[in-house]
Amino acid sequence: MKKTSFLCGTVLAGSLALCACSSYQPTKNAWKTTKDLWYSYISVPAKVDYSEKGDLSPRAMALSTCMMGIDVELSRFERTMMNADRAPTREWLDKLFADYPWVSGFAGIKYDGTLLGHEPGPSLKNLDFIPLLYEDKKQNSRALRGYVQQSPLGPEVMLAAPLYDGVDFLGVVVAHFDMRALSKFSSSPEDLVILSPTALLWPGKYDFAATPLAGVDWDTAARKSTSGTCTNDRGSFYYQVRYLGNLPLIFAVVESGSFPEGNGDVNQGTPFFPQITEKLPPPPQPERKKKDEDTTSATPQFGVSEDTLDPLSAADAEIRATQQPHDIQPGSEQSVLEPGQPAPQRKSRVQERQLEGENVQVRRPQRRRLQIPDEALEIPDTPKPEPRPTIQMPSPFGPRASRPADETADAAAPAETPTEGTQDAAAPAQAGGAEKAAPAEKPAPAEKPAEVQEKATEGQPAASEEPSKPATLPGGRPSPFGPRN
């Protein structure tokens, strides 16, 4: 600590001296010098030494070489069992036995200890799967569970995956195997010894009774350390603990000394491990939330082919078996397709307290639709409206009258002065009355053209002598332009 403080003070003092003494030195160069001192003495950059390979000790190298193949197979098997959280189908079981030919069997056990199914058939070792129903308090409740059972035919290793419906425990699915079938994956199985806290799984070429591994309380030793050395007067063994679920497996090799060889029988280790004679009862389960307990089995369709299952139920067999259907009933408020009958009211699980006083909820009556009969919607016959009166205006041209053929020549003659008969007929039209003008009488003989020409030449209008008489058109009709001025 004192050295570091001294170096920091030296670097700061040097940087100040460089900035103060060299007034003409650029600041950038002074900062470069300061950075060189910082990374050289205080914060040294890390470097990777690629020549360092990290050599293992001879005992660790020998153990890793012997157990590497077995460890790879167990790791693959653990990943498969972690995904075995639903009812197994025939196709899934066939793939399991094809990928792991050393697996002896696969079984499904209900939470009450009922065996739901076993493939490829009943085991000759008369296995007891009840201990796997108990939860290990030191691990997650959904983690894999391991167990070793002794039998006259040799110990059997079990690995189980628990099944849950929400928080309700349904049971386990178990795969079991003999460790002797896995010894072929080791590069030198004769130099390797495999055991558990309750049984000898693989003795190798040694006489297990002559090794220092016999007589050790492995349950306590595995909790205290994951590796170590066991020694006796013949030599020592180096061991490493490898967990399979919550089951500790101990792999050991010779570190020093020499030991006699044995017959390779796993039953030679029976006197050195505790014997379990009594069977455990199924663990007590809390009261289940589902009313229908017949549908809460862990694997209700164990080993059924996928072709016989619905695509959805094949993936969710446990969920469908443990849950009530949630289909919308006809007439429900959520239904918009069949609004027929009223939906059944669901009973509330929580009993509501009756309110009193001002907190009482007033229930308003439901509104009903007004039913109008079809007869009331009919519109009675209405009387037809009377036709509007038409107003006949008098024609400014007067009544139409057929002109005789002898008057066609007079039509081309110049206009004549109006007569007394035509004045009376055009009077109503000038006044704007509503009555029709009387038909004009035959006009009187017109004045001589010579007299009319004389009046026109004098510049006086023809109607100036008789201003009250309007001008007439050929045929005796009054002129629409009024009298001529």
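Up top is the structure.
All residue numbers here refer to positions counted from 1 along the written sequence of the relevant chain. Totals for whole chains, interfaces and linings use every residue, but because this is a predicted model, local features are given only for residues with pLDDT of at least 70 and side-chain atom pairs only at 80 or more, for both listing and counting. In computing side-chain properties, one takes all heavy atoms of the structure into account and sets aside hydrogens as well as water.

(A) Summary view of the overall build of the protein chain. For the protein chain, the count of helices and strands is 11 helices and 10 strands. Per-residue burial over the protein chain gives 32% buried out of 485 residues. Only the protein chains shown count as cover for residues, and the accessible areas themselves come from Shrake-Rupley with a 1.4 Å probe. On the protein chain, roughly 33,900 Å² of surface is accessible, and the fraction owed to carbon and sulfur atoms is 53%. Put simply, DSSP marks the helices as runs of H or I at least four residues long and the strands as runs of E at least two long, and each gets a number from the N terminus on. Buried means the residue's accessible area, taken with a 1.4 Å probe over protein chains only, is under 20% of the maximum for its type, while exposed means over 50%, and partly exposed covers the values in between.

(B) Region of interest: the sheet that holds strand S6 (residues 193-195). Pairing between two strands is assigned when DSSP locates at least 2 bridges connecting them. Strand order in the open sheet made by the five strands is S7-S6-S10-S9-S8, with antiparallel pairing throughout. Where the open sheet ends on each side, the last strands, each with one partner, are strand S7 (200-202) and strand S8 (227-232). Averaged over all adjacent pairs, the angle separating strand axes in this sheet is 30 degrees, with direction ignored. As defined by bridge partners, S6 adjoins strand S10 (residues 247-257) across three bridges and the pair is classed as antiparallel. Across the sheet, the residue bridging to Ile194 is Phe251, located in S10. Comment: axis = line fitted to C-alpha atoms, over the contacting stretch for helices; angle = value between 0 and 180 degrees taken between N-to-C directions.

(C) Geometry of the pairing of strand S2 (residues 115-119). Judged from the four bridges that link them, strand S1 (residues 103-110) and S2 form a sheet pairing that is antiparallel. Bridge pairing in S2 places Gly108 opposite Gly117. Between S1 and S2, which pair antiparallel in sequence order, lie four residues; one of them, Gly113, sits at a positive phi of approximately 95 degrees.

(D) Representation of the sheet that holds S1 in the model. The strand order S2-S1-S5-S4-S3 describes an open sheet built from five strands, whose pairing is antiparallel. In this open sheet, the two strands that pair with only one neighbour each are S2 and strand S3 (145-149). Taking the axes of each pair of neighbouring strands and ignoring which way they run, one obtains an average angle of 20 degrees across the sheet. Bridge count for strand S4 (residues 156-165) against strand S5 (residues 168-177) is nine bridges, and the pairing is antiparallel. Paired with Val157 across the bridge in S5 is Phe177. The sheet strands contacting helix H3 (residues 58-82) are S1, S4 and S5, and the helix crosses S5 at an angle near 155 degrees. Here, two residues are considered to be in contact whenever any of their heavy atoms come within 4.5 Å of each other. Strand contacts of helix H4 (residues 90-99): S1 and S2, with the helix running at about 145 degrees to S1, the strand carrying the most contacts.

(E) Quick peek at the pairing of S5. With 10 of 10 residues buried, S5 is to be regarded as a mostly interior element. For S1 and S5, the ladder comprises seven bridges, and the chain directions are antiparallel. Bridge pairing links Gly108 to Val173 in S5. Hairpin connection, S4 to S5: the antiparallel pair is bridged by two residues, and Gly166 has positive phi, about 70 degrees.

(F) Structural detail: unusual backbone geometry. A cis amide bond links Glu119 with the next residue in sequence, Pro120, at an omega value of 5 degrees. Within the element layout of this structure, Pro120 appears in the loop between S2 and S3. Phi at Asn126 takes a positive value of approximately 55 degrees, unusual for a residue other than glycine. Within the secondary structure, Asn126 is located in the loop between S2 and S3.

(G) How the structure looks around the nonpolar core. Grouped together as the largest cluster of nonpolar side chains are 37 residues, with contacts concentrated most on Phe77 and Phe177. The contacts of Phe177, once residues within four sequence positions are left out, are Leu74, Phe77, Trp102, Val103, Ser104, Glu156, Val157, Leu182 and Leu244. Nonpolar cores were defined as sets of buried Ala, Val, Leu, Ile, Met, Phe, Trp, Tyr and Cys residues, with membership established by side-chain atoms within 4.5 Å. By size, the runner-up hydrophobic cluster in this structure holds 18 residues, among which are Val193, Tyr206, Trp218 and Phe273.

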